Each structure stands twice: as structure tokens, then as C-alpha cells.
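# Notes for the structure review
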Amino acid sequence: MKVVICGAGQVGFGIAEQLAGEQNDVSIIDTNPRRIQMVADQLDVRGVVGMGSHPDVLAKAGIDHADMIIAVTLHDEVNMIACQVAHALFNVPTKVARIRAQSYLAPEWRNMFARDQLPIDVVISPEIEVGEMVLRRLSLPGAIDTVTFADGAVVVAGVHCGEECPVVDTPLNQLTDLFPDLQATVVAVNRNGKTVVPRSTDQLATGDIAYFVAQADQVQRTLSIFGHDEIPGQRIVIAGGGNIGLYVASELEKRNQAARVKVIEASRERAQAIAEVLTRSVVLSGDALDRSILDEAGVGEADTMIALTNDDRINILSCQLSKQIGARRILALLNEQGFASFARGLGIDAHVNPRQITVSKVLQHVRRGRIRGVHALLDGAGEIIEAEALETSPLVGKPLRDLGLLDGLRIGAIVRNGQVMLPTGDFVVRAHDRVVLFALAERIKRVEQLFRVALEFF
């Protein structure tokens, strides 16, 4: 696949890294020569210096042969025009744009992205995607990562196996015997920085991070089995009143009438603006690293402190200070990959990585085959994928134990006619089943092949 990426920031670099690693033909455009040089030095991609919305720059990047353009610069208007130019002048089939300004995304204006208007096939709003991830973390406080699939029927959650975890040293195949009605499957384990697909006879160890796939109404029970029976909190402090912080506070007001939310925002002007939007939340103007402001916000009695400022260092320090004051749980927004990789070592209970969320959203539309959803895990070590099985798929029609296709993969759940079913050796996948599975990074291409329509089918 030939892909042109506009924007070589964290998100653009992350997408280029992922796609180039899968042997795609990638070109990346940015106005900053240093960024382009850094990308070219580290990745096998073509770098072009210039404005991604200019036709001559796009042409230099090879847009005339591209299958897809992904515009993720810092400027919405550049992203939109880049897609328009790619469509009008170069007839690029798939156009993806990151758009942050919520005004463009208002329901009454969504028709502007129609093919005969401003043709963008996929609009990605990081603020909404990240905000929804934060809200899911709040609803499942025992999980360190959560994502939904199959229209919400299936949830994938990551959980830390601490010293008190009841299922440590228990073979995974015995979990079914111990909890016969449990609708959950462990699909990935990260141990000492290495991610593996566990076998049924493997055991979890203290310090592991395990990812399981579960029926939505079984997630809380599964977390309890892993020793995490935390109750969602009602007293919430949010540090940072930017777009993400405002979205989270607004949605909490709508979805949870019992929630008592306080927002700390450094800019007095911004604090006044969001105070006019929010109806039940308390907005304080001040520094999230100021002990007196944290005390005024009631951090010591808070169930959860969420740090959502644009500065990772402020988020880390305000979370650590809040924990010392007495906050029961802390969650931080971390953009830098280096910080995210050792967040737990910093005392942070859970973190959200906007880059990973945005890259996952893009990958959903890059993957070939009938891929319905993608979420990258553990710094790109693997992906959770939801895909539809077609008549021509090698998965269809044979018991799973007879398939020699699943090395490096693990199926977590199958959804058939809205019913969630767990995979067993005897299970036979049917055409149009929706399969939720984990795949190591080096096995992604195999997943695409399993769910692609074969040419001979026609």
C-alpha cells in the first residue's frame, strides 16, 4: 500500500513507524526540515519538506500513486485542504483527516465532509477519542486499559497482576473450571517488557500485565477475579480545562448525576469560559502543582484525580502530589512514549496516550480485509482486532483446534447474531461471525489474509 502522511509530529511519526514496519510504501510531509530528517534517519520512508496542502508538495511525495492520504498536521484547515487536493487533483481513494475544532464536527455541519463537498472519508477527533477513553477508565477503575468492540458487546481490558491477585500461578485453562460461567479469555500477557500470546497451560505471575476479552456485563466480575474490585468514584478532580478536560467534565455531568466534578485550569480566561459551559461542575483557576489549589479542589478526598493538561511533566507531578495528599486513584494524560512506558513505576494507576489512540483509529482504516476495529497495545507490540469472517476465510468451517493458522494469534470472543461466545477447540467459525482477537505485531499481515475476500471468490 502506498500512503502519504501529512504531519511528522508524534502521531504522524507513530503512523509512519507502524506502516513502514509492515513494508508499506510511506511518504511523510512536514514544514519542519529537522522533523523530516529525524523521520528519514529512523524509518524507511520518503521525507518531503513542505506544506501538505500544496499540490506540488503532494506530487513530490508521490500522491498520484497513493492509496491513502492521512493528514495529521497541527492545523485542521491544512488537513482538510490536503484531503480536498488529494481528491480533486489526484483521485486518492481514501482520505483521513485529524480535526480538533469541535465546531467543524457539530451535527448540523457534518454534511460538509460529503464526497461532493469536502471529501474526507474518515474524520478523527483526538479530543473525543481520548475523552471517551478517559470515561471508560473511570467506569472501570481496576483496569489500566479498556476498549470496546462489537458495538459495545465485547470489552478488552488490561489488568495488573499484583501480589494479591488470586489467579497468579493458576494455569489459564483452569480458570474455566474455577469460574464455569465466566465469559472472558486472556489473550495477551506482558512480562518484564515482553509481550506473548499465552497458551492454555501457561500461568500468570506477579507483575504481569494481562489483557482479557470479555462480554461487556462480565468485565467487572473478571476484574474482581484478578483482585481489582474497585468501585467507580463519584468525587473527581480534573487538572486541565482544555478540550479534553472540558469534554470529560461535560460528559460526566450528562452521564453521572451523582458525580461531583471540580476542574482546575491555569488560564483565568479559559476557566471563565468553561465555567459558563458546565452546569454542575466547580471550576477553579490556578496551578495544578499548587498545594493550596489542590486542597481547595478537595484532592485529599477525591476518588480520582485526572491530569489532562498539555504538559506531561505537569500531569505526572500533579498526579504524584495528589496521591501524597490522599487521592485514591490517579490517571494521567501522557503524550511522550518514554513517559508512558514506565507510568506505573511513577506511581500512576493508569494513563492515556493520545498518540496510541489516534494511531489505532487510523490503523482500523489501513488494515485490509473486513476489519471493523483496531486497538494497538503495549507500545505497538500487538493489536486487538475485530474482523468479520467471510465465506472464503480459512477460519470458516473447521474446528479451531484443527486450524494451523493461529500461531502468534489468540481469539478472545466470537459474536454471532449479537450473542457473545467464547472460543473452544471445538468451536466452528461461521461466515459473517465477528471475531475479536489479539495478534502480535509480526502476525498482523496474517490476520489481514484471514479476513480478506479471496480473488477466486468472484
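Bear in mind that the values here come from a model prediction, so they are computed numbers and not experimental data. (Residues numbered from 1 in each chain as written. Predicted model: local features only at pLDDT ≥ 70, side-chain atom pairs only at ≥ 80, totals over all residues. Heavy atoms only, no water.)

### What to know about unusual backbone geometry
- Of note, the phi angle at Asp 169 is positive, near 70°, even though the residue is not glycine.
- Note that Asp 169 resides in the loop between β8 (154-160) and α6 (175-178).
- In this structure Asp 169 comes out as exposed when scored by relative accessible area, which is 53%.
- In this structure, Asn 417 takes a positive phi of about 55° despite not being glycine. (Helix = DSSP H or I, 4+ residues; strand = E, 2+ residues; numbered from the N terminus. Buried < 20%, exposed > 50% of the residue type's maximum accessible area, 1.4 Å probe, protein only.)

### Section: the pairing of strand β13 (residues 260-265)
- Note: strand β12 (residues 235-239) against β13, five bridges, orientation parallel. From the neighbouring strand, Val 237 faces β13, where its bridge partner is Lys 262.
- The parallel pair β13 and strand β14 (residues 282-285) is bridged by helix α9 (residues 268-277), and the resulting crossover is right-handed. (Pairing = 2+ DSSP bridges. Right-handed = clockwise from strand over helix to strand, strands pointing away.)

### What to know about the UniProt feature "domain: RCK C-terminal" (unreviewed entry) in the chain
- Per the UniProt record, the feature "domain: RCK C-terminal" (unreviewed entry) sits at residues 144-228 and 372-453.
- Taken end to end, residues 144-228 is 13% helix and 35% strand, and its two terminal C-alpha atoms sit 11 Å from one another. (UniProt positions renumbered as here; feature names shortened; annotations may be inferred.)

### Examining the confidence of the model for the chain
- Per-residue confidence for the chain gives a mean pLDDT of 87, with 97% of residues at or over 70.
- Mean pLDDT per element in the chain: helix α12 (residues 337-341) is the minimum at 69, and helix α3 (residues 55-60) is the maximum at 96. (pLDDT = per-residue confidence, 0-100.)

### Comments concerning the packing of helix α5 (residues 126-139) against helix α8 (residues 243-255)
- Close contact between α5 and α8 brings their axes to 9 Å; oriented N to C, the two are set at 50°. Looking at the two axes, α5 sits oblique to α8. By crossing handedness, the relation of α5 to α8 is classed as right-handed. Between α5 and α8, the contacting residues are Glu 127, Ile 128, Val 130, Gly 131, Glu 132, Val 134, Leu 135 and Leu 138 on the first element and Asn 243, Ile 244, Tyr 247, Val 248, Glu 251, Leu 252 and Arg 255 on the second.
- Per-class residue counts for the contact of α5 with α8 are nine nonpolar, two polar and four charged. (Axes fitted to C-alpha atoms, helices over the stretch in contact; angles between N-to-C directions. Parallel < 35°, antiparallel > 145°, perpendicular 65-115°, else oblique. Left-handed = near helix turned anticlockwise from the far one by under 90°. Contact = heavy atoms within 4.5 Å. Nonpolar A, V, L, I, M, F, W, Y, C, P; charged D, E, K, R; others polar.)

### Here we look at the nonpolar core
- In terms of nonpolar packing, the biggest core is built from 46 residues, with Ile 5, Ile 15, Ile 70 and Phe 451 touching the most fellow members.
- Considering every element that reaches this core, the biggest residue donor is helix α1 (residues 10-21), with six residues.
- Setting aside chain neighbours within four positions, we find Ile 5 in contact with Gly 12, Ile 15, Ala 16, Val 26, Ser 27, Ile 28, Ile 29, Ile 70 and Val 72.
- If you look at the next biggest cluster of nonpolar residues, it comprises 25 residues, including Ile 236, Val 248, Leu 252 and Leu 278. (Core = buried A, V, L, I, M, F, W, Y, C linked by side-chain atoms within 4.5 Å.)

### Quick notes on the sheet that holds strand β10 (residues 194-196)
- Overall, antiparallel pairing links the five strands, which are arranged β7-β8-β11-β9-β10 in an open sheet. This sheet does not close on itself; its edge strands, each paired only once, are β7 (145-149) and β10. Between one strand axis and the next, the sheet turns by 20° as a mean value, whatever way the strands run.

### Thoughts on the environment of Val 147
- With respect to the helices, strands and loops of the structure, Val 147 is situated in strand β7.
- With a relative accessible area of 10%, Val 147 lands in the buried category.
- With residues up to four places along the chain from it excluded, the contact list for Val 147 reads Arg 136, Val 154, Val 155, Val 156 and His 375.

### Overview of the sheet that holds β14
- Strand order across the open sheet formed by six strands is β14-β13-β12-β15-β16-β17, with parallel pairing between neighbours. Each having just a single partner strand, β14 and β17 (350-352) make up the two edges of the open sheet. Going across the sheet, the axis of each strand differs from the next one's by a mean of 15°, ignoring polarity.
- When β12 meets strand β15 (residues 304-307), the two strands line up parallel, connected through four bridges. Directly across from Ala 239, in β15, lies its bridge partner Ala 307.
- Running over the sheet, α5 touches β12, β15, β16 (329-333) and β17 and is turned about 165° from β17.

### A word on the side chain of Glu 127
- In this structure, Glu 127 sits in helix α5.
- When residues no more than four places from it in sequence are discounted, the contact partners of Glu 127 are Arg 100, Gln 102, Asn 243, Ile 244 and Tyr 247.

### So, the domain arrangement of the chain
- Annotation of the chain at the domain level lists domain 1 (2-124), domain 2 (235-356) and domain 3 (357-451).
- Computed over C-alpha atoms only, the centres of domain 2 and domain 3 are separated by 36 Å.
- Summed over both sides, the interface of domain 2 with domain 3 buries roughly 550 Å², with 39% coming from carbon and sulfur.
- Counting the surface domain 2 buries against domain 3, the share from its top three residues, Pro 354, Arg 355 and Gln 356, is 71%.
- One can count zero salt bridges joining domain 2 with domain 3.
- Remark: the boundary between domain 2 and domain 3 carries eight residue pairs in polar contact (both at pLDDT 80 or more).
- For the side of domain 2 that touches domain 3, the secondary-structure elements that each account for two or more residues are α12 and α13 (354-366).
- If you tally residues by element for the side of domain 2 that touches domain 3, the top one is α13, at three residues.
- Residue classes in the side of domain 2 that touches domain 3 are distributed as two nonpolar, four polar and one charged. (Domains from an automatic or database assignment. Buried area = accessible area lost by both parts, 1.4 Å probe. Salt bridge = Lys/Arg side-chain N within 4 Å of Asp/Glu carboxyl O. Polar contact = N/O pair within 3.5 Å; in protein donor to acceptor, adjacent residues only side chain to side chain.)

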